[in-house]
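# Topology and contacts: notes
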Amino acid sequence: MKKLTVYGYMKCDTCRRALKWLEAHECDTEFIDITQDPPNAATLGALLDTGDYQLKQLLNTSGRAYREPGVKDKLAAMGRDETLTYLAGEGMLIKRPIVTDGTRFTVGFRETAFDAAWG
């Protein structure tokens, strides 16, 4: 299996559970702090192009950054490319973790999805 890139946030319980699962399954990973180096718009676009996720599924709607005044309305008024560019500059708005081998992606952590993609 190729090396997996994990975009996450170490203070996030979901990210820590995902990393623990990946380690238990002996996956070779590179962790990237989504707050310091979020995935670029091209990577987010490639994720959407797989057809496995919709744009709204990339949004961390439970986070503080999303609940800031006007953010939800601003995102709703943007087109796909503009939204991806905005997300690429605001890592805390992106649902995490994003795991990719460069071709396949998972967003968030569900053990069944990880079993199918990375098991």
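Residues numbered from 1 in each chain as written. Predicted model: local features only at pLDDT ≥ 70, side-chain atom pairs only at ≥ 80, totals over all residues. Heavy atoms only, no water.

### Quick word on the layout of surface pockets
Quick note on the threshold: Detection works on a 1 Å grid of protein atoms alone, calling trapped sets that fit a 1.4 Å probe cavities and calling open sets with protein on both sides within 12 Å along at least five of seven lines pockets, with lining residues defined by an atom within 4 Å of a point. Grid points are joined across faces, edges and corners, and a volume is the space filled by probe spheres set on the points. Classification convention: Asp, Glu, Lys, Arg as charged; Ala, Val, Leu, Ile, Met, Phe, Trp, Tyr, Cys, Pro as nonpolar; all other residues, Gly among them, as polar.
Quantified by volume, the largest pocket comes out at close to 300 Å³. Lining the largest pocket are 14 residues, with Asn60, Ser62, Gly63, Arg64 and Arg96 positioned closest to its centre. Looking at the lining of the largest pocket, its residues break down into five nonpolar, six polar and three charged.

### A look at the nonpolar core
Put simply, the rule reads: What we call a nonpolar core is a set of buried Ala, Val, Leu, Ile, Met, Phe, Trp, Tyr and Cys residues that are connected through their side-chain atoms within 4.5 Å. Throughout this description, buried means an accessible area under 20% of the type-specific maximum (1.4 Å probe, protein chains only), exposed means over 50%, and partly exposed covers the range between. Segments assigned H or I by DSSP are reported as helices when at least four residues long, segments assigned E as strands when at least two residues long, and all are numbered from the N terminus. Whether two residues are in contact is decided by their heavy atoms, any of which lying within 4.5 Å being enough.
Counting 20 residues, the largest nonpolar core has Leu44, Leu47, Leu58, Leu87 and Ile98 as the members making the most contacts within it. Listed by contribution, the elements that provide at least two residues to this core are α2 (41-49), α4 (71-76), α5 (80-89) and β4 (105-107). Broken down by element, this core gets its largest block of residues, three residues, from α2. Once residues lying within four places of it in the same chain are set aside, the contact partners of leucine 87 are Pro38, Leu44, Leu58, Leu59, Leu93 and Ile94. Of all hydrophobic cores here, the second largest spans 12 residues; its members include Val6, Leu19, Trp21 and Phe114.

### Some points on the state of the cysteines
How we decide: A pair of cysteine sulfur atoms is labelled a disulfide when the two atoms are within 2.5 Å.
If you walk through the whole model with that rule in mind, you get zero disulfides. Residue cysteine 12 stays outside any disulfide, its sulfur separated by 3.5 Å from that of cysteine 15, the closest cysteine. Taking the relative accessible area as the measure of exposure, cysteine 12 reaches 12% and is therefore buried. Cysteine 15 gets classed as buried once you look at its relative accessible area, which sits at 1%.

### A word on the pairing of strand β1 (residues 4-8)
The test is simple: Here the rule is simple: two strands pair whenever DSSP picks up at least two bridges between them. The path from the first strand over the helix to the second decides the hand: if it runs clockwise while the strands point away from the viewer, the crossover is right-handed.
Most of β1 sits out of view: five of its five residues are buried. Both faces of β1 are covered, namely the face carrying Leu4, Val6 and Gly8 and the face carrying Thr5 and Tyr7. As paired elements, β1 and strand β2 (residues 29-33) share five bridges and run parallel to each other. Within β2, the position partnered with leucine 4 by the bridge is threonine 29. Handedness of the β1-helix α1 (residues 13-24)-β2 crossover: right-handed. Here β1 pairs with strand β3 (residues 98-100) via three bridges, running antiparallel. Counted as the bridge partner of valine 6 is valine 99 from β3.

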